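These are the residues of each chain, in order.
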Amino acid sequence: EYEAQIPIQADDEIGRLAKAFNIMAKAIYEEDMRKREFLANVSHELRTPLSYVKGYSEAILQGMVKTKEEGKKYVKLIHREAGRMERLVRDLLDLARLEEKSVPLQKTLLVFAQVVEGTIEKYEPFLQEKAITITVDVNPDIIIEGDADRIEQVIHNLLDNAIRYTPTGGEICVRLTPAGNERCQLVIRDSGKGIPKDKLPFLGQRFFRVDAARTRTEGGTGLGLAIVKQIVQLHHGTITFASEEGKGTEVVIDLPI
Ligand code: ADP
């Protein structure tokens, strides 16, 4: 817990100066803590797959693998962990670029429904694999000004989660509607496991996971929603989450038309 450094003795000019100093010192302290925490998280996330890669390759090198099948199994595991590291590094770089605004968005006028439907199409095989029913109800007249690739990335990440955290045979519903004259809402609802109420405010923080141990095995990087949040903000939009545990999750993206 952070403690103020300068005691404030009076409400005069010096007192106010001390107060301002304390506020600034606290902000610097908190930023420092965030950086440390971020670094600790990155190290942890990389260390886990790395130790698998090291362990499995050592087993092969030490001749512990007797059959061809066994060898293939180990190489497959190494490949899977390398993939995890690759996704992590990709998402980290992507997030850093978005936060720094180092790559300007390529904004054009987009028929929002087309982007939504195009992205959903790419997910057909995954939806079929999990026997998930998807209902799509998108208003074809909504035009937004946005970066097509980035908007697709938003829908991609949200659909990815909806599918990942919804059991076989579940339902996903995607709706796009106007909200007043100047804004629109994209709603992605799933019938999955949901998120506890007290965890909702943390969604979108880097590496936040509701169930750390379990979700890590499911292949996510823990950066998907942080990336979504950045992209939405760069489009002057907002994102909100609503959820009921065991019933499902609803994500609402609100954007200017
Ligand atoms: P991850 O790569 O772990 O999915 P995200 O940033 O995309 O990272 O999501 C952060 C966490 O939020 C997830 O680990 C999961 O616990 C929770 N979450 C996100 N979307 C959903 C959803 N549709 N249903 C249930 N939980 C979700």
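All of these numbers come straight from a predicted model, not from anything done at the bench. By convention here, each chain's residues receive numbers from 1 onward along its written sequence. Given that this is a predicted model, residues contribute local features only at a pLDDT of at least 70 and side-chain atom pairs are listed and counted only at 80 or more, while totals for whole chains, interfaces and linings are drawn from all residues. Side-chain metrics in this entry use all non-hydrogen atoms of the structure; hydrogen atoms and water are not considered.

Enquirer: Sorry, what's going on with the overall build of the protein here?
Expert: Of the regular secondary structure elements, the protein holds seven helices and seven strands. Only DSSP runs of H or I reaching four residues or more are called helices, and only runs of E reaching two or more are called strands; each is numbered from the N terminus. Moving toward the C terminus, one meets the helices and strands of the protein in the order α-α-β-α-α-β-β-α-β-β-α-α-β-β. For the radius of gyration, the atoms used are the C-alpha atoms, and the globule rule reads 2.2 Å times the number of residues raised to 0.38. Against the globule reference of 18 Å for 257 residues, the protein gives a C-alpha radius of gyration of 23 Å, more extended than a compact globule. Overall, the C-alpha framework of the protein stretches about 80 × 60 × 40 Å when taken along its three principal axes. Type-normalised accessible area, obtained with a 1.4 Å probe on protein chains alone, sets the label of each residue: buried when under 20%, exposed when over 50%, and partly exposed for intermediate values. Taken over 257 residues, the protein has a buried fraction of 38%. Residues count as neighbours in contact if any of their non-hydrogen atoms are within 4.5 Å of one another. Long-range contacts, defined here as pairs at least 24 residues apart, represent 70% of the contacts in the protein between residues at least 6 apart. Computed with a 1.4 Å probe, the accessible areas rest on the Shrake-Rupley method; for each residue, only the protein chains presented here act as cover. Carbon and sulfur atoms form 55% of the exposed surface of the protein, whose accessible area is close to 15900 Å². If the 36 positive side-chain charges of the protein are averaged to one point and the 40 negative ones to another, these points end up 6 Å apart. Here the positive residues are Lys and Arg and the negative ones are Asp and Glu; neither His nor the chain ends is included. The location of each charge is read from NZ of Lys, CZ of Arg, CG of Asp or CD of Glu.

Enquirer: Help me understand the site of the ligand in this model?
Expert: Neighbouring residues are identified by heavy atoms, a residue being near a molecule or strand if any of them is within 4 Å of it. Close contacts around the ligand come from 19 residues, with Asn 161, Tyr 165, Asp 190, Gly 222 and Leu 225 the closest. Two N or O atoms form a polar contact when they lie within 3.5 Å of each other; inside protein one atom must be a possible hydrogen donor and the other a possible acceptor, and for residues adjacent in sequence the pair counts only when both atoms belong to side chains. At a separation of 3.3 Å, an oxygen atom of the ligand approaches a polar side-chain atom of Arg 164. Within the backbone of Gly 224, an N or O atom sits 3.3 Å from an oxygen atom of the ligand. Computed on the free molecule, the ligand has an accessible area of 540 Å², of which 95% lies beneath the protein chains in the complex. Those elements that place two or more of their residues in the shell around the ligand are helix H5 (148-164) and helix H7 (224-234). Top element by residues in the shell around the ligand is H5. It accounts for three residues. When residue character is reported, Ala, Val, Leu, Ile, Met, Phe, Trp, Tyr, Cys and Pro are called nonpolar, Asp, Glu, Lys and Arg charged, and the others, Gly included, polar. Here the residues of the shell around the ligand sort into eight nonpolar, eight polar and three charged.

Enquirer: Just checking my understanding: could you explain the sheet that holds strand S6 (residues 238-244) for this structure?
Expert: Strand pairing in a sheet relies on backbone hydrogen bonds. The paired strands run either parallel or antiparallel. Only strands joined by at least two bridges in the DSSP assignment are considered to pair. Reading across from one edge, S2-S4-S5-S7-S6 is the order of the five strands in this open sheet, with mixed pairing throughout. Either end of the sheet is taken by a strand with one partner, and the two such strands are strand S2 (133-138) and S6. On average, each strand axis in the sheet is inclined to that of its neighbour by 10°, with strand direction left out of account. In this structure, S6 lies alongside strand S7 (residues 248-256), joined through seven bridges in antiparallel fashion. Residue Phe 241 lies in a different strand from S7, and its bridge partner there is Val 251. For every element, the axis is a line fit to its C-alpha atoms; helices are fit only across the contacting stretch, and the angle between N-to-C directions ranges from 0 to 180 degrees.

Enquirer: Sorry if this is basic, but what is going on with the packing of aromatic side chains here?
Expert: Geometrically, a pair of aromatic rings is defined through the distance of the ring centres and the angle of the planes. Each aromatic pair joins two rings of Phe, Tyr and Trp (for Trp, the six-membered one) with centres within 6.5 Å, and gets the label stacked for planes under 30 degrees apart, edge-to-face for over 60, and tilted for any other angle. All chains considered together, the criterion is met by five aromatic pairs. With 5.6 Å between their ring centres and 55° between their planes, Tyr 123 and Phe 126 make a pair best called tilted. Taking relative accessible area as the criterion, Tyr 123 reaches 6% and is therefore assigned buried. What makes Phe 126 partly exposed here is its relative accessible area of 45%. Through successive ring pairs, a cluster of aromatic residues spans Tyr 52, Tyr 56 and Tyr 74. Geometrically, a charge over a ring is one whose NZ (Lys) or CZ (Arg) sits within 6 Å of the ring centre while staying within 35 degrees of the ring normal. Across the ring face of Phe 38, the terminal group of Arg 206 is positioned such that the distance to the ring centre comes to 4.2 Å.

Enquirer: Is there a simple way to explain H7 in this structure?
Expert: Side chains of residues three or four places apart in an α-helix project in the same direction, reflecting 3.6 residues per turn. Most of H7 is tucked away: nine of the 11 residues are buried. In the core, the buried residues of H7 are packed alongside helix H2 (68-100), strand S1 (107-111), H5, S6 and S7. Trailing H7 by a residue or two, His 236 shows a phi angle of about 60°, which is positive.

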